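Fold and contact review
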Amino acid sequence: MPTSDAAGRFAPSPTGELHVGNLRTALLAWLFARSTGRRFLLRMEDLDRVRSGAEAAQLRDLAAVGLDWDGDIIRQSERLELYLEAIAELRADGLVYECFCTRREVAEAASAPHAPPGAYPGTCRHLTEEQRAVRRRERPAALRLRAQVPEFTVTDELHGNYTSAVDDLVLLRNDGVPSYNLAVVLDDALQGIDQVVRGDDLLSSAPRQAYLGSLLGLPPVRYAHVPLALNTAGQRLAKRDGAVTLPDLAAAGMDEDAARELILASLGLPGNLQAALAEFNPASLPREPWIFTAGPNAGPTARLNP
């Protein structure tokens, strides 16, 4: 059983309202944390693309479905110095290099077999100082990790041991903004988070992040990558799919309690949050996506993907 200092978390980006898929992941993160005696923390991942009023709307919706959280809300935009200190530490160990590639060049370059999507092929890894000096006059450099292993393994509550390739991930973008991969690893460690529950679209990122944490001497985390909510086309649920946010559902006649009951039912759990907590068992969770459909009168129907 974890100590009282251990924690789980939900960490949305404040770019807009949460939809039922986001709320489903948040409910799962809360259930995982509370069922194991962990604190439950909230963090706003607001390094870029922030929409005015989005954070307040997200907090409102999380509270509306019955979630509570511990301590203050952390915002990444207030922690830039910590990220830069970590980069300096890695740089002192010879584990950082400048990269001048554009996103298009990275996308068009051939990656190693079995590498995660968008993996960096190492184009700038072996530039000489003279070559770097020339490139600096053309465009500002990003900073990348000089990875020392080809792959890394993490333990996931739903997927078991999962191994994936490790590439030279970005640590600092060329606009001076720390990368998501660096920020999330540091934040989890500094907040005492040892349980990370999030969508399974991020599973392939976990080995890279865990490897980065090991280089920084941070304690490992245990992951639970949960199935996403999808639309009927098999794509990640989005606001464009119709009645998918709490305000949308309320306008169609479904209040917050009914929305929570619908989400928990998709997990095979009772609609009351405390009753769901009493029955919660990760081994019994669905392993397939939740297909969510806004019905003809904006009343939602949903099913598990067969």
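The coordinates are above.
This text gives an overview of the structure that appears in the document. (Residues numbered from 1 in each chain as written. Predicted model: local features only at pLDDT ≥ 70, side-chain atom pairs only at ≥ 80, totals over all residues. Heavy atoms only, no water.)

**As for the overall build of the chain**
Applied cut-off: Only DSSP runs of H or I covering at least 4 residues are called helices, and only runs of E covering at least 2 are called strands; the numbering of each starts at the N terminus. Taken over C-alpha atoms, the radius of gyration is set against a globule rule of 2.2 Å times the number of residues to the power 0.38. Burial status follows relative accessibility: with a 1.4 Å probe on protein chains alone, a residue under 20% of its type maximum counts as buried, one over 50% as exposed, and anything between as partly exposed. Two residues qualify as a contact provided that any one of their heavy atoms is within 4.5 Å of a heavy atom in the partner residue. Surface accessibility follows the Shrake-Rupley procedure with a 1.4 Å probe radius. Residue values consider only the protein chains on display as shielding. A residue counts as positive if it is Lys or Arg and as negative if it is Asp or Glu; His and the chain ends are not included. Charged side chains are reduced to one point each, which is NZ for Lys, CZ for Arg, CG for Asp and CD for Glu.
A count of helices and strands for the chain gives 10 helices and 13 strands. Taking 19 Å as the expected radius of gyration for a compact globule of 306 residues, we find that the chain reaches 21 Å, a close match to that expectation. Seen through its C-alpha atoms, the chain measures out along the principal axes to roughly 65 × 45 × 35 Å. Within the chain, the fraction of its 306 residues that count as buried is 48%. Long-range pairs, those at least 24 residues apart, make up 75% of the contacts in the chain with a sequence separation of at least 6. Per element, the accessible surface of the chain, about 14300 Å² overall, is 50% carbon and sulfur. When the 32 positive and 40 negative side-chain charges of the chain are each reduced to one mean point, those points stand 5 Å apart.

**What about the pairing of strand 6 (residues 151-156)?**
Defined as follows: Here, a strand pair is defined by DSSP locating no fewer than two bridges between the strands.
Bridge count between strand 6 and strand 7 (residues 160-165): 6 bridges; the pairing is antiparallel. Across the sheet, residue T155 finds its bridge partner in strand 7, namely N161.

**What about the sheet that holds strand 2 (residues 39-44)?**
Our working rule: What counts as an axis is a line fitted to C-alpha atoms, over the stretch in contact for a helix, and the angles between N-to-C directions run from 0 to 180 degrees.
Strand order in the open sheet formed by 3 strands is 1-2-3, with parallel pairing between adjacent strands. Only two strands of the sheet have a single partner each, and these edge strands are strand 1 (7-10) and strand 3 (74-75). Where strand 2 meets strand 3, 2 bridges bridge the pair, whose relative direction is parallel. Within strand 3, the residue paired with M44 across the bridge is R75. Against the sheet, helix 2 (residues 54-64) contacts strand 1, strand 2 and strand 3, and its axis sits at roughly 155° relative to strand 2.

**Looking at empty space enclosed by the protein**
For clarity, the threshold we go by: Points on a 1 Å grid, built from protein atoms alone, make a cavity when a 1.4 Å probe fits but cannot get out and make a pocket when they are open with protein on both sides within 12 Å along at least 5 of 7 lines; residues with an atom within 4 Å of a point are the lining residues. Grid points are joined across faces, edges and corners, and a volume is the space filled by probe spheres set on the points. Only Asp, Glu, Lys and Arg are considered charged in this grouping, and only Ala, Val, Leu, Ile, Met, Phe, Trp, Tyr, Cys and Pro are considered nonpolar; every other residue, Gly among them, is considered polar.
Under the defined criterion, the tally for this structure stands at 1 cavity of 30 Å³ or more. Of the volumes computed, that of the largest cavity is approximately 40 Å³. Lining the largest cavity, in full, are R24, L28, L158, V226, P227, L267, L285 and P286. Residue classes in the lining of the largest cavity are distributed as 7 nonpolar, no polar and 1 charged.

**Let's talk about the pattern of salt bridges**
Here is the rule: Here a salt bridge means any side-chain nitrogen of Lys or Arg lying within 4 Å of a carboxyl oxygen belonging to Asp or Glu.
Taken as a whole, this structure holds 24 salt bridges when the rule is applied. Between R34 and D70 there is a salt bridge, with the nearest N and O atoms lying 2.8 Å from each other. Of this pair, R34 sits in helix 1 (residues 20-35) while D70 sits in the loop between helix 2 and strand 3, and the two are 36 residues apart along the sequence. Given a relative accessible area of 25%, D70 falls into the partly exposed group. Residue R173 is joined to D175 by a salt bridge in which the shortest nitrogen-to-oxygen separation is 2.6 Å. Using a relative accessible area of 46% as the deciding quantity, one classes D175 as partly exposed.

**Focus on the layout of surface pockets**
Here the second largest pocket defines a volume of roughly 270 Å³. Forming the walls of the second largest pocket are 20 residues, and the residues nearest its centre are A210, P219, P220, V221 and Y223. Put simply, the parts of the chain that give the lining of the second largest pocket at least two residues each are strand 6, helix 6 (180-190), strand 9 (195-199) and helix 7 (206-215). A class-by-class count of the residues in the lining of the second largest pocket yields 12 nonpolar, 5 polar and 3 charged.

**Some points on the environment of Q191**
With respect to the secondary-structure elements, Q191 resides in the loop between helix 6 and strand 9. For the pair Q191 and E55, spaced 136 residues apart in sequence, the C-alpha to C-alpha distance is 20 Å. Filtering out sequence-adjacent residues up to four positions away, Q191 remains in contact with A7, R39, L41, L42, R43 and I74.

**As for unusual backbone geometry**
With a phi close to 55°, R49 is a non-glycine residue in the positive phi region. Position of R49 relative to the elements: it lies in the loop between strand 2 and helix 2. For R49, a relative accessible area of 62% gives the class exposed.

**Let's talk about the packing of aromatic side chains**
The relative placement of two aromatic rings is captured by the distance of their centres and the angle of their planes. Filter applied, for reference: Centres within 6.5 Å make a pair out of two Phe, Tyr or Trp rings, where for Trp the six-membered ring is used; the pair is then stacked when the planes are under 30 degrees apart, edge-to-face when over 60, and tilted otherwise. Only Lys NZ and Arg CZ are tested; either one counts as a charge over a ring when it is within 6 Å of the ring centre and within 35 degrees of the ring normal.
Throughout the structure, instances matching the rule amount to 3 aromatic pairs. Seen from their ring centres, W290 and F292 are 5.3 Å apart, and the 70° between their planes marks the pair as edge-to-face. Under the relative-accessibility criterion, W290 is labelled buried at 2%. What makes F292 buried here is its relative accessible area of 3%. The ring of Y120 carries the charged tip of R144 above its face, separated from the ring centre by 3.6 Å.

**Digging into the packing of helix 6 against helix 7**
Short version of the rule: Oblique is the label for any angle not under 35 degrees, not over 145, and not in the 65 to 115 range, which are roughly parallel, roughly antiparallel and roughly perpendicular in turn. In this scheme, a crossing is called left-handed if the near helix is turned counterclockwise away from the far one by less than a right angle; it is called right-handed if the turn is clockwise.
It is the contact of helix 6 with helix 7, at a shortest axis distance of 9 Å, that shows an interaxial angle of 60°. Our classification of the angle between helix 6 and helix 7 gives oblique. The handedness of the crossing between helix 6 and helix 7 comes out as right-handed. The segment helix 6 lies against helix 7, with Y180, N181, L182, V184 and V185 engaging Q209, L212 and G213. Looking at the contact of helix 6 with helix 7, its residues break down into 5 nonpolar, 3 polar and no charged.

**Topic: the state of the cysteines**
This is how the line gets drawn: Two cysteine sulfurs form what is called a disulfide whenever their separation falls within 2.5 Å.
Counted under the stated rule, the structure contains 0 disulfides. Free of any disulfide, C101 has its nearest cysteine sulfur in C124, 3.7 Å distant.

The values reported here are purely geometric and, on their own, carry no functional implication.
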